[in-house]
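Each chain is listed here by its residues.
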Amino acid sequence: MSIEQISPAQARRRQQAGAVLIDVREAHERAGGQAEHARGIAKDALESDPAAFLPDRDAEILLICQSGARSLRAAQTLVEAGYARVASVEGGTSRWIAERLPLAVLEQSDEERDFYDRYSRHLRLPEVGEAGQRKLQAARVAMVGAGGLGSPAAFYLAAAGIGTLVLADDDVVDRSNLQRQILHTEERIGVSKVESARIALAALNPRVRVETFAERISADNVERLIEGADVVFDGADNFPVRYLLNDACVKLAKPLVYGAIHRFEGQVSVFDAGRQRGVRPCYRCLFPEPPPPEAAPNCAEAGVLGVLPGVVGLVQATEVIKLILGLGESLAGRLLHFDALGMRFRETRLAPDPDCPVCAAGREFPGYIDYQAFCSAH
């Protein structure tokens, strides 16, 4: 059965004669203005249970969206559900406005207006929408390192609307950092990295709360850093901190988004053994022992291509957002390698170690160790 399509002017006349006009756009779309006296019911909600909103199947129902496509599909659903008098407004709200028909503009606070404007492109993604954006807004991410990996990740996580970023770094900005650590500027040389990062992120998105943690991470304070976090971001540049973060995340059941860079290569993974014992690996399953120092020099010793941490840090940020939203397939159980010179990505499957001293199924947490000594001994 074909759906009747009517002009906005016809819809207005029928509405005045008693027809029910329903705007099937999402709430954030309607916030900018909708046809006067229209009821706002999002298309998915209306289609999932029409009778809850429209108990009278004989009433005249008019549907409007932005351009007419969604309302036409929703009208078809209503007809199939037994509604006898359904029409779709051709051209939708855009044509309604163009024809200067009366609009109702919803009153919004400054905060609501900022939310709908700033995140409009997220809100248009069905996989994110307003509910997903609210999840991001409520999320807390603990980030270790405000340097090469933390810089691009923090920028994009703040831009995405993560509610609280906890930045941990005990270093200060040095001129040699500026080649790759894009949170910082020439004017902030000598300033603590977490304070420099806070200034940069506040300028980008003042709605994001940035908590600074200008301390060297140790067994004494690591739980204070990550407790309450939904996801932990590993932007560390040394093995003792990586092992410590891993062990703490296993103990407190926090997903850990790992990244590392070396010269022209990088790698990323998600270690989620704390929540999935015996199913997903932890960092120790991949590296039971750290390599000797001469086999893994840091950036100051070996150098690093300035754009490399941008690529790796943004892959990490993508994984953080996916974990919060519950979208797609995370890198848990996979190690992603990036070769900048060859411009190639490759993947290695990772299995949990059934004898892992930290994350093996049923094993009690063994306690924190002297990680500096552990890494120096190998």
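Quick caveat: nothing in here was measured; it's all calculated off a predicted structure.

Describing the pairing of strand E11 (residues 231–234)
Part 1 of the reasoning: Across the two faces of E11 the burial is the same, with Val-231 and Phe-233 and Val-232 and Asp-234 all buried.
Part 2 of the reasoning: Where strand E8 (residues 140–144) and E11 come together, four bridges link them in parallel fashion. Of the residues in E11, the one forming a bridge with Met-143 is Phe-233.
Part 3 of the reasoning: Examined bridge by bridge, E11 and strand E12 (residues 256–262) share three bridges and lie parallel to one another. Note on E12: the bridge partner recorded for Val-232 is Leu-256.
Part 4 of the reasoning: Handedness of the E11-helix H13 (residues 239–252)-E12 crossover: right-handed.

Description of the state of the cysteines
Part 1 of the reasoning: Taken as a whole and assessed by the stated rule, the structure comprises zero disulfides.
Part 2 of the reasoning: The thiol sulfur of Cys-285 is not disulfide-bonded, and the nearest other cysteine sulfur, from Cys-359, lies at 3.5 Å.
Part 3 of the reasoning: Using a relative accessible area of 1% as the deciding quantity, one classes Cys-359 as buried.

Some points on the packing of helix H10 (residues 150–160) against helix H11 (residues 193–204)
Part 1 of the reasoning: Two elements in contact, H10 and H11, have axes whose closest approach is 9 Å; the angle formed by their N-to-C orientations is 35°. The crossing of H10 and H11 is right-handed. The residues of H11 that touch H10, namely those facing Ala-154, Phe-155, Ala-158 and Ala-159, are Ala-200, Leu-201 and Leu-204.
Part 2 of the reasoning: Taken together, the residues of the contact of H10 with H11 sort by class into seven nonpolar, no polar and no charged.

Comments concerning the sheet that holds strand E5 (residues 60–64)
Part 1 of the reasoning: Spatial ordering of the open sheet is given by E1-E6-E5-E2-E4, a layout of five strands whose pairing is parallel. Strand pairing shows two members of the sheet lacking a second neighbour, strand E1 (4–6) and strand E4 (39–40), which therefore form its edges.
Part 2 of the reasoning: With three bridges joining them, E1 and strand E6 (residues 85–89) adopt parallel strand pairing. Residue pairing in the sheet places Glu-4 in a bridge with Ala-87 of E6.

Describing a nonpolar patch on the surface
Part 1 of the reasoning: A cluster of nonpolar side chains, Ile-97, Leu-103 and Val-105, forms an exposed patch at the surface whose accessible area comes to about 250 Å².
Part 2 of the reasoning: Looking at where Val-105 falls in the secondary structure, it is placed in the loop between strand E7 (103–104) and helix H7 (110–118).
Part 3 of the reasoning: On the basis of relative accessible area, Val-105 is assigned to the exposed category, the value being 57%.

The rules behind each value
Residues numbered from 1 in each chain as written. Predicted model: local features only at pLDDT ≥ 70, side-chain atom pairs only at ≥ 80, totals over all residues. Heavy atoms only, no water. Buried < 20%, exposed > 50% of the residue type's maximum accessible area, 1.4 Å probe, protein only. Helix = DSSP H or I, 4+ residues; strand = E, 2+ residues; numbered from the N terminus. Pairing = 2+ DSSP bridges. Right-handed = clockwise from strand over helix to strand, strands pointing away. Disulfide = S-S within 2.5 Å. Axes fitted to C-alpha atoms, helices over the stretch in contact; angles between N-to-C directions. Left-handed = near helix turned anticlockwise from the far one by under 90°. Contact = heavy atoms within 4.5 Å. Nonpolar A, V, L, I, M, F, W, Y, C, P; charged D, E, K, R; others polar. Patch = residues over 30% accessible without salt bridge, like charges linked within 9 Å, V, L, I, M, F, W, Y side chains within 5 Å. Areas by Shrake-Rupley, 256 points an atom, 1.4 Å probe, with all protein chains shown as cover. Salt bridge = Lys/Arg side-chain N within 4 Å of Asp/Glu carboxyl O.

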